[in-house]
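# Structure assessment
What follows is the residue order along each chain.
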Amino acid sequence: MSTLLEIKSSVLRQVQVCPSFRRRTEEEPASGSADPPEPTAGAWKPGDGVEFFAQMRLILKKGEGRQGLPCPEVLLRSSSPAPAEPVDPSRGLRTLSQEEVDMLYEEALYTVLHRAGTMGPDQVDDEEALLSYLQQVFGTGPEEHAAAVERVKKAKAPTYALKVSVMRAKNLLAKDPNGFSDPYCMLGILPASGAVREPSPHKEQRFSFRKGSKRGGPLPAKCIQVTEVKSSTLNPVWKEHFLFEIEDVGTDQLHLDIWDHDDDVSLVEACRKLNEVIGLKGVSRYFKQIVKSARANGTAGPTEDHTDDFLGCLNIPVREVPVAGEDRWFKLEPRSSASRVQGDCQLILKLITTQRDTNMSQRGRSGFLSYLLLLNRLLQFEHRAEEPNSSSWRGELSGPAATVLCLHGAQSNLSALQLAVLHWQVSSRHHQTRTLDYGYLLGLLEDLQAHWEEAGSLPQEQEEGLADSFSAFSEFGLQLLRQLRDYFPATNSTAVYRLELLLKCLGKLQLFQPSFEICPFETELNMDIAAALKRGNREWFDKLLNTQSPREQPGPQRLAGLIKLADTIYEDLQSCYGIYASLFHSIIKVDFFTLTFRQLERLVAEEAWVLTEELSPKMTLEVALGLFELYLTLADIQRFWSSIPGRDSRSLALAGIHAPFLPAVKLWLQVLRDQTKWRLQGAVDVDTLEPMDASSKHSSSAATASLCFSHIQELWACLAWPDPAQSQTLGTQLSQDLCEAALFYTELLRKKVDAQPGAAGEAVSEPLCVVLNDVELLRKAAGQALRGLAWPEGAAGLEGTLPRPLLSCTQALDEDLQREARTVTAHLTSKMVGDVRKYVQHVSLSPDSIQNEEAVAPLLKYLDEKLALLNASLVKENLNRVLEALWELLLQAILQALGANRDVSADFYGRFHFTLEALVNFFHAEGQGLPLESLRDGSYKRLEEELRLHQCSTRECIEQYYLDKLKQRSMEHNRFGRLSVRCHYEAAEQRLAVEVLHAADLLPLDANGLSDPFVIVELGPPHLFPLVRSQRTQVKSRTLHPVYDELFYFSVPAEACRRRGACVLFTVMDHDWLSTNDFAGEAALGLGSVGGVARPQVGGSARASQPVTLHLRRPRAQVRSALRMLEGRPNKEAQEFVKRLRELEKYMEADP
């Protein structure tokens, strides 16, 4: 075979699928009319398609952001500083008079100058630095400051006391036989006069309350205290508190003994009685009793069974107690080197003052109040050092400030709970005058809560002050929540975090409600929060309404403002759901979203109802557009509520709001229909019928049409009309308008291309290719848009199926556009008819001396060149259409060439057979072109049959004629009727037995509605049975169901019956007495399947074989093709066969 058999179109293998018509940009095609800038809401003019669709695009953009529930990640778009919160100096603590400031200054100086105890590593131990800091805080001059310091130094020093809390001990020695001890503590202050002497180098000795003292007499009674006895334990827990007066902070020390209680009357009782003794004489007498019951030198004799055992001791200098106090475990010490002790004891120590020579103390001002005023003064001073507009200060105090406060709190004997209360009161009040970080305030509340749970109560005056601070802060917080959108915008992540912390602070306040004897809240705080939110929602709505759509304006002007108002409300509801709702619900158990949605939805619904009633009698195009846009937003609000699981929109105030908008929507859809046509008209007018760019093959007007239809589909989805009946009416009208616009566009294209001058001799017209691509793009875009216009059909409609009116409309438009595409395709291929016929004629006129490949090469080259141009100009679908049309054109051209050449050599037909197969391979292009099934169907089969028959001999054509009859299958079984026969070959007699049994459902061919049928029985082909004549049955009058039961014999050899095409042919005729007989139908039975032909029948007869039912039929085209082939044969055998068949055809009706 020549290489031309492998010729394929290289361009066909590179056909690319057309990009989806849904891929579009937001801009209109650049080659079309330049769209003006997107207009504002009032800029649309009726009749201007460009501006109308620009306005519609704005509406659709608005709806794109409303798909699904909002995500916090989308809403939180800014991390800039939060808006400044309102501050009011009057909400802080009251302003002090100058006298009070001076007294507070004196109190602070007194605290520093008379500090006692050990300073911590983070505290300032420099007296001058602390005094200088206080001078800056109070703003005093050098001389005034020096005078104040001198006055304070001359004042009487404070009286100090040591607070000792004996908490517990652990791991003590077991002194009792049961393996435990019965420990108790004896503790007191060793004054300076009773200080331990320097120990001797030979024996270490420590002071003990149980040993006699030779260093200065007995101890004062006020210096000795004792705890309870804890029985049978090595880890006693006492939690007892004692207060010891300190004479000299520098030299006094705390001494503590732990003893195991053994005797009935022991040191415990003795120490208690000491408190009843007056005078040193009595003290000496009882001390002797204590000494007498003690163990001498830490050892016990066998007679001392009822004396207490020593378990350990502690000696702590008062000067070493930290300023802030300490909670610490101390390791027990022995009283001598011979003592054996073990274990630890936990003590809480705090050095305080009980008498202070200051004006504030003399006037009865408590340390609690002094600390409050001092903390407020320091906090104001420290905060001023920060940035002026800073709202993130967390109350970090400088070293001097923290030291002064620590000294004053310790000296004033303020508990941890009182300190926590004071810091909260001062900071929360200060926050209302100058904003602090809510995280700092929350930390103060958490600290307060922790100490409250431990202590649980305060003096009434202090608890009232705390309650007042809670009330003031909650009132301030509620004021902020009323203006939530101003101070905590949902788009600002910083502000939202501040809101979260504020809500946590308010949540903490709720926890204190059941703990107060004097409740700071009249109602539950979360109820107050809900009320504040409702009030804030109403104020925010009224402010928007008065700004954007005041009621005193005329209706059309109010409409534009109400649209903006509804849009703002939708955005606010998104923020409520995506940002605020989770915070309010999780922290303070308030359903903020439901509360806000119900309130705002009702308010905007009321405004919409009032406005639609006012505007309905004044409906204009501008009003209709505005109402349409307003309805879309209101419908979005409804859908937003319904999209949340468990929510039902039927209970909303907006339920049924669609009813008053129906006239406006109908009018708007009419405008949409007209504007769409205007837009398409304008797009076609400026269209140059050239591809938009290198990546597309359609023109600018097709892109515009596709975008318009896509906008219409998206708009219908946004509309989502809730009433099913009205939705069907609107959808049906819109779909009809869309179909009308699509056909209008194709008509505009047709006129445009017809008006263009054609290039002379141009076989492939680029404008036609562009128009064909435009039609295909329009078909896809319109089909997609129509499928997107589906409306709910109620319970009867199947999900996923189109409503019947829309389905019929979609199918009708698709058929119209397919027909238009075929028309353009035919117009495109018609320019190639002359060239195709010329190259086919070249094949037919090529001499036998040249090879088939050489004869067909010009045709294939021409096709390859043209298809390369078409592939570059057409999308995949249109290229296939052109290929199909061109294929049919080639087949018809070859058929015409065969018809024009009769009585030619077999090589002529062989060449065309070669050409046909080369064209099949060319158009198939290894699977990249047309499928083989479509190539080898229709006209191809007819052409292939003719080529095959032309290459056959006369007898082979006759045999093919009968084979085609055997292959026929009746497609209309009930039309021509049935014939029952029985055939059998009798080998002994060398004859074929054919029995015609009966017929049924024959055609009525007479005027009376009946027939007079008879059957002609003959064998064929004639050259196989030359001596056999046909036979016929009797005529059965006036019946369509004749019964014959006639048997016919044909003397033929079995060999002839087994030949190719051998058959028995039954022809049913209607007998007419006055005219020619009428043909009723025919049927053929292959003799190869008759019993006895293939192999001899054993026993039985022809009547014993099973009847065969044959369906009558008319000769088909493939049968007649063999007949036509024989007509062109000049030999005698062919002409006689044709003559005999022509005689039979006279009786036949035209083939239906």
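Our structure is the block above this text.
It is worth spelling out the overall build of the protein chain at this point. In terms of regular secondary structure, the protein chain is built from 35 helices and 16 strands. A burial count over the protein chain gives 51% of its 1152 residues as buried. Taking all contacts inside the protein chain whose residues are at least 6 apart in sequence as the whole, residues at least 24 apart take part in 78%.

Strands sit in the order β4-β1-β8-β7 across an open sheet of four strands; the sheet is antiparallel. A single partner strand is all that each edge strand has here, and the edge strands are β4 (237-246) and β7 (326-331). With strand direction ignored, the average angle separating the axes of adjacent strands in the sheet is 25°. In terms of strand pairing, strand β1 (residues 159-170) meets strand β8 (residues 344-355) through eleven bridges, oriented antiparallel. By the bridge assignment for β8, A161 is matched with I352.

Attention now goes to the sheet that holds strand β3 (residues 224-226). Strand order in the open sheet formed by four strands is β3-β2-β5-β6, with antiparallel pairing between adjacent strands. The open sheet terminates on both sides in strands that have one partner only, identified here as β3 and β6 (309-317). Pairwise comparison of adjacent strand axes, ignoring direction, gives a mean angle of 15° for this sheet. Relative to strand β5 (residues 253-260), strand β2 (residues 183-190) is paired through eight bridges, and the arrangement is antiparallel. Considered in β5, the bridge of C185 is made with I258.

For L562, the location among the structural elements is in helix α17 (residues 555-588). Note on L562: relative accessible area 0%, which makes it buried. Sequence spacing of L562 and G626 is 64 residues, and the spatial spacing of their C-alpha atoms is 9.5 Å. The residues touching L562, leaving out its near neighbours within four places in the chain, are S549, E607, A608, L611 and L630.

Within the structure shown, the criterion is met by 24 aromatic pairs. Through a chain of ring-to-ring contacts, three or more aromatic side chains come together here, namely Y570, Y577, F593, F597, F640 and W641. In this arrangement the basic side chain of R485 is found over the ring face of W540, its NZ or CZ atom lying 4.4 Å from the centre. Positioned over the ring face of F1014 is R1032, at 3.9 Å from the centre of the ring.

Attention now moves to the environment of Q1031. Looking at the secondary structure, you find Q1031 in strand β12 (residues 1031-1032). With relative accessibility at 24%, the residue Q1031 sits in the partly exposed group. Ignoring anything within four residues of it in the chain, the contact list for Q1031 reads V1015, I1016, V1017, F1048, Y1049 and F1050.

So, about the packing of helix α3 (residues 98-113) against helix α9 (residues 367-384). Close contact between α3 and α9 brings their axes to 10 Å; oriented N to C, the two are set at 95°. Classed by the angle they form, the pair α3 and α9 counts as roughly perpendicular. On α9, the residues that touch V101, L104, E107 and A108 of α3 are S370, L373, L374 and R377. Residue classes in the contact of α3 with α9 are distributed as five nonpolar, one polar and two charged.

This part covers unusual backbone geometry. With omega at 0°, the peptide bond leading from G1020 into P1021 counts as cis. One can find P1021 in the loop between β11 (1013-1020) and β12. Despite not being glycine, N413 has its phi angle at roughly 55°, a positive value. Mapping N413 onto the fold places it in the loop between α10 (399-411) and α11 (416-431).

All right, on to the packing of α9 against α11 then. Running from N to C, α9 and α11 point in directions that differ by 45°, and their axes come no closer than 10 Å. Judged by the angle between their axes, α9 and α11 are oblique. Helix-helix and strand crossings are classified by hand; for α9 and α11 the assignment is right-handed. Taking contact as the criterion, the partners of F368, Y371, L372, L375, N376, L379, Q380 and H383 in α9 are, on α11, Q418, L419, V421, L422, H423, Q425, V426, S427 and H430.

Over its 13 residues, α10 runs 18 Å from end to end, which matches the ideal 18 Å to within 8%, given 1.5 Å per residue. For α10, the buried fraction is high: eleven of the 13 residues fall into the buried class. Lining the buried residues of α10 we find α3, α4 (127-138), β8, α9 and α11. Downstream of α10 by a residue or two, N413 has a phi angle that is positive, lying close to 55°.

Further remarks concern helix α26 (residues 852-873). Within an α-helix, residues lying three or four positions from one another point in the same direction, as the helix has 3.6 residues per turn. Taking 1.5 Å of rise per residue, 22 residues should cover 32 Å, and α26 covers 32 Å from first to last C-alpha, within 8% of that figure. Considered for burial, the residues of α26 that qualify are E853, A855, V856, L859, L860, Y862, L863, K866, L867, L870 and N871.

So, on to the nonpolar core. Across soluble globular proteins, nonpolar side chains show a tendency to be buried alongside one another. Counting residues in hydrophobic clusters, the biggest one holds 225 residues, and the most contacted among them are W424, L448, L481, F584, L634, F709 and F923. By residue number, the principal contributor to this core is α17, which donates 16 residues.

Here is what the cut-offs are and how they apply
Residues numbered from 1 in each chain as written. Predicted model: local features only at pLDDT ≥ 70, side-chain atom pairs only at ≥ 80, totals over all residues. Heavy atoms only, no water. Helix = DSSP H or I, 4+ residues; strand = E, 2+ residues; numbered from the N terminus. Buried < 20%, exposed > 50% of the residue type's maximum accessible area, 1.4 Å probe, protein only. Contact = heavy atoms within 4.5 Å. Pairing = 2+ DSSP bridges. Axes fitted to C-alpha atoms, helices over the stretch in contact; angles between N-to-C directions. Phe/Tyr/Trp six-rings, centres within 6.5 Å; stacked < 30°, edge-to-face > 60°. Lys NZ or Arg CZ within 6 Å of the ring centre and 35° of its normal. Parallel < 35°, antiparallel > 145°, perpendicular 65-115°, else oblique. Nonpolar A, V, L, I, M, F, W, Y, C, P; charged D, E, K, R; others polar. Left-handed = near helix turned anticlockwise from the far one by under 90°. Expected span 1.5 Å × (residues − 1). Core = buried A, V, L, I, M, F, W, Y, C linked by side-chain atoms within 4.5 Å.

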